[in-house]
Amino acid sequence: MEEGTHVPELFQRLFREHYPVVARKLYALTGDYAAAEDLAQEVFLRLYRSHPDRLEAVGAWLHRVLIRVGYDYLRQRSSVKALLEKETARVAAWSEGTSPSGETEVIREWEKDVVRRVLRKLTDRDRTALLLREEGYSYEEIALRLEINPKIVGTLLARAEERLKKKYGQEEERRDGQRSEAERRDAGF
């Protein structure tokens, strides 16, 4: 940046000046406000770590970096979606191997729907980690895919699994509550 300028003060000024535009552009690109805020922070972290040589070019530099960061996010999100679809197809193929009763088929479809809803409620990182593990990826491969230290993959997976179980339980409780309400209405209460 500029010689003799205190970097944190200059960085703070640039952050205040450019953050709203960067976040707005990332939201337009991703369609997800929370993701756009996280990605905007990533853009400014990169600015702090490796700034352009010319201060006048910071706007263009931020734009290039936000486009790269946004597209990386979209690629990762689409690969998670592909993994989810692949897992759904695998479960469907497995269940076609037998001739389930109508009731069993309804229960399986409900369970798959609940799992899909619960997975969508998890963060992208948790969902990706769980799906990659389910696909048989090693901890090293998961770490590489998520761009994290391989030493924390086990902890990440354990925590993600706990969150999945908690959200699944909440989903079942919600369904049971709806069913009880419907039973009370049918009974005339």
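Rules and cut-offs
- Residues numbered from 1 in each chain as written.
- Predicted model: local features only at pLDDT ≥ 70, side-chain atom pairs only at ≥ 80, totals over all residues.
- Heavy atoms only, no water.
- Phe/Tyr/Trp six-rings, centres within 6.5 Å; stacked < 30°, edge-to-face > 60°.
- Helix = DSSP H or I, 4+ residues; strand = E, 2+ residues; numbered from the N terminus.
- Expected span 1.5 Å × (residues − 1).
- Buried < 20%, exposed > 50% of the residue type's maximum accessible area, 1.4 Å probe, protein only.
- Arc of directions from axis to C-beta.
- Salt bridge = Lys/Arg side-chain N within 4 Å of Asp/Glu carboxyl O.
- Contact = heavy atoms within 4.5 Å.

Overall, the coordinates contain seven aromatic pairs when judged by the stated rule. Consider the rings of Phe11 and Phe15, whose centres lie 6.3 Å apart with planes at 35 degrees: the pair is tilted. Placement of the pair is Phe11 and Phe15 together in helix 1 (residues 7–30), with a separation of four residues, close to one helical turn. Their ring planes at 35 degrees and their centres at 4.9 Å tell us that Phe15 and Tyr19 sit as a pair that is tilted.

Turning our eyes to something else, we now look at helix 4 (residues 102–121). In a regular helix each residue adds 1.5 Å, so 20 residues correspond to 28 Å; helix 4 covers 29 Å between its end C-alpha atoms and thus fits that length. All buried positions along helix 4 are accounted for by Lys112, Val114, Val118 and Leu119. Projected down its long axis, helix 4 shows its buried positions confined to an angular sector of 165 degrees, all on one face. Summarising the geometry of helix 4, the exposed residues directed more than 90 degrees from the buried face are Gly102, Val106 and Arg120.

With a phi close to 60 degrees, Glu147 is a non-glycine residue in the positive phi region. Following the sequence through the fold, Glu147 ends up in the loop between helix 6 (139–146) and helix 7 (153–187). Among the residues examined, Glu147 registers a relative accessible area of 73% and is labelled exposed.

With that settled, the discussion passes to the pattern of salt bridges. Throughout the structure, instances matching the rule amount to seven salt bridges. Close ionic contact of Arg133 with Glu161 constitutes a salt bridge, the shortest N to O distance being 3.0 Å. Note that Arg133 is positioned in helix 5 (residues 124–134) and Glu161 in helix 7, a separation of 28 residues in sequence. Take Glu161: its relative accessible area is 24%, and that puts it in the partly exposed class.

Here we take up the side chain of Arg127. For Arg127, the position within the fold is in helix 5. Relative accessible area serves as the criterion here: at 9%, Arg127 is assigned to the buried category. In contact with Arg127, not counting residues within four places along its chain, are Val80, Leu119, Arg120 and Leu122.

Below, the discussion takes up the environment of Arg46. Here Arg46 lies in helix 2 (residues 33–49). The exposure class of Arg46 is partly exposed, given its relative accessible area of 31%. With 16 residues separating them along the chain, Arg46 and Leu62 place their C-alpha atoms 9.2 Å apart. Residues within four places of Arg46 in sequence aside, it is in contact with His51, Trp61, Val65 and Val69.

You can see Trp61 is positioned in helix 3 (residues 58–96). Looking at Trp61, the relative accessible area reads 13%, which means it is buried. On a C-alpha basis, the gap between Trp61 and Val43 in space is 9.9 Å, while along the polypeptide they are 18 residues apart. Dropping the residues within four chain positions of it, Trp61 is found in contact with Val43, Arg46, Leu47, Ser50 and Pro52.

Every buried residue of helix 5 is accounted for by Asp126, Arg127, Thr128, Ala129, Leu130, Leu131 and Leu132. Within two residues after helix 5, Gly136 carries a phi angle of roughly 95 degrees, on the positive side.

A few words now on the environment of Val43. Note on placement: Val43 falls in helix 2. Overall, the relative accessible area of 0% leaves Val43 in the buried class. Taking the C-alpha atoms as reference points, Val43 and Ala23, separated by 20 residues in sequence, lie 9.5 Å from one another. In this structure Val43 touches Val22, Leu26, Trp61, Leu62, Val65, Leu66 and Val69, once residues within four positions along its chain are discounted.

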